[in-house]
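Descriptive structure summary
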Amino acid sequence: DYDRAIALYTELLENEPEIKNYYWYLGLSFLLQGDEIEAQTTWMLPLFEAEEKEIDQGQKELISILEKEAIKQQENKVYPLAWTIRNHLKEFDPDHINNLLILLDLSIKLEKYMEEELSELGLIELLQQSDQEVNEDLLLWLLNNIVLYDPRTPQLFDLIEVSLKYITKKDEFYLIVVPTAIKIAYNLRNNQLAIKLLQLCLKLEPKNVQILRHLTSFYEDGKHSEKA
C-alpha cells in the first residue's frame, strides 16, 4: 500500500524533518509506486542541504536501502522494478561493479540489452582498474548471458580478458569460453577471434590439453600448420 506508506513517511517528516531515513524510504515508496521524478526529488532534498560529510553518510544509507530492495524484487522475480532500482543505485554509486553486473544481466532478461551498454557503463575499465571484491558467480553468469545473447558482441574479447584476474573457477570459465570459441570458428567463420579467445584460456592454464587440442584444430583450419 504505497499511498499509505507515502502518507505515513510524509507525516513523520513533518514531525521530525532531521531524520534522513524518512526521506530515503519516502523516495523509495514513490519509486515503487512508479513516480521516479518524485523519488529523485525526495532523495536529493536532504543531500542539497547537507554538509560534505553528511552527504557521504546519507548516500551510503540510501545505497544500502536501494540494494536491499533491489535484491527483494529480484527474489520475487519482479525484474522490471529491480532493473529500475538498480539504475537509480547506479546514479549514486556508478563504480559499484557487482551492481553493474546485475544491471546488465537484468537488461538481458528484460530484452533491453544493447551492445553499447558495456561502453556506457564503463564496466571493462572498472574491471581492469578496480580492486573491488567482484562476485565471481555474477561475472561468470553475465559472461554466459552475453555469449548466449550474441557471441559477436564487439567488446566480448575485452570483457573476457579483463575478467581473467577474477577467475578462480576455471572449469566454469572454460565451459563458457570454449563452446563460444567453437561457435565463432565454425558457425561464424571467424578463426582469428576463436584463437584469441582460447589463448586467453591458456593464460589461466598454459598446459590445458583440452584447450590446446581445440587450438590446434583452429590453427589447422586457418592454414597455420607450423603453429598447429
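Structure: see above.
Residues numbered from 1 in each chain as written. Predicted model: local features only at pLDDT ≥ 70, side-chain atom pairs only at ≥ 80, totals over all residues. Heavy atoms only, no water.

**Describing the overall build of the protein chain**
Within the protein chain, the secondary structure is distributed over 13 helices and 0 strands. Starting at the N terminus and ending at the C terminus, the protein chain contains elements arranged as α-α-α-α-α-α-α-α-α-α-α-α-α. The C-alpha radius of gyration of the protein chain comes to 23 Å, more than 25% above the 17 Å expected for a compact globule of 228 residues. Taken over the C-alpha atoms alone, the protein chain extends approximately 80 × 35 × 25 Å along its principal axes. For the protein chain, the residues scored as buried account for 46% of the 228 residues in total. Intrachain contacts of the protein chain at a sequence separation of at least 6 include 59% that bridge at least 24 residues. (Helix = DSSP H or I, 4+ residues; strand = E, 2+ residues; numbered from the N terminus. Rg over C-alpha atoms; globule rule 2.2 N^0.38 Å. Buried < 20%, exposed > 50% of the residue type's maximum accessible area, 1.4 Å probe, protein only. Contact = heavy atoms within 4.5 Å.)

**Some details on the side chain of Lys-90**
Examined against the element boundaries, Lys-90 turns out to sit in helix α5 (residues 79–92). The class for Lys-90 is buried, based on a relative accessible area of 17%. Within polar-contact distance, the side chain of Lys-90 engages the side chain of Glu-91 at 3.2 Å. Every residue in contact with Lys-90, bar those within four places of it in the chain, is listed here: Asn-99, Leu-100, Leu-103 and Leu-121. (Polar contact = N/O pair within 3.5 Å; in protein donor to acceptor, adjacent residues only side chain to side chain.)

**Quick word on the nonpolar core**
Core analysis: the biggest nonpolar cluster contains 48 residues, and Leu-123, Leu-127 and Phe-173 have the highest contact counts within it. Of all elements in the fold, only α6 (97–109), α7 (117–121), α8 (123–129), α9 (136–149), α10 (156–163), α11 (170–186), α12 (191–204) and α13 (209–221) reach the threshold of two or more residues within this core. Not counting residues up to four positions away in its chain, the partners in contact with Leu-127 are Ile-97, Val-134, Leu-139, Leu-159, Val-162, Ser-163, Lys-165 and Tyr-166. Membership of the second largest hydrophobic core comes to 22 residues, among which are Leu-13, Leu-28, Leu-32 and Leu-89. (Core = buried A, V, L, I, M, F, W, Y, C linked by side-chain atoms within 4.5 Å.)

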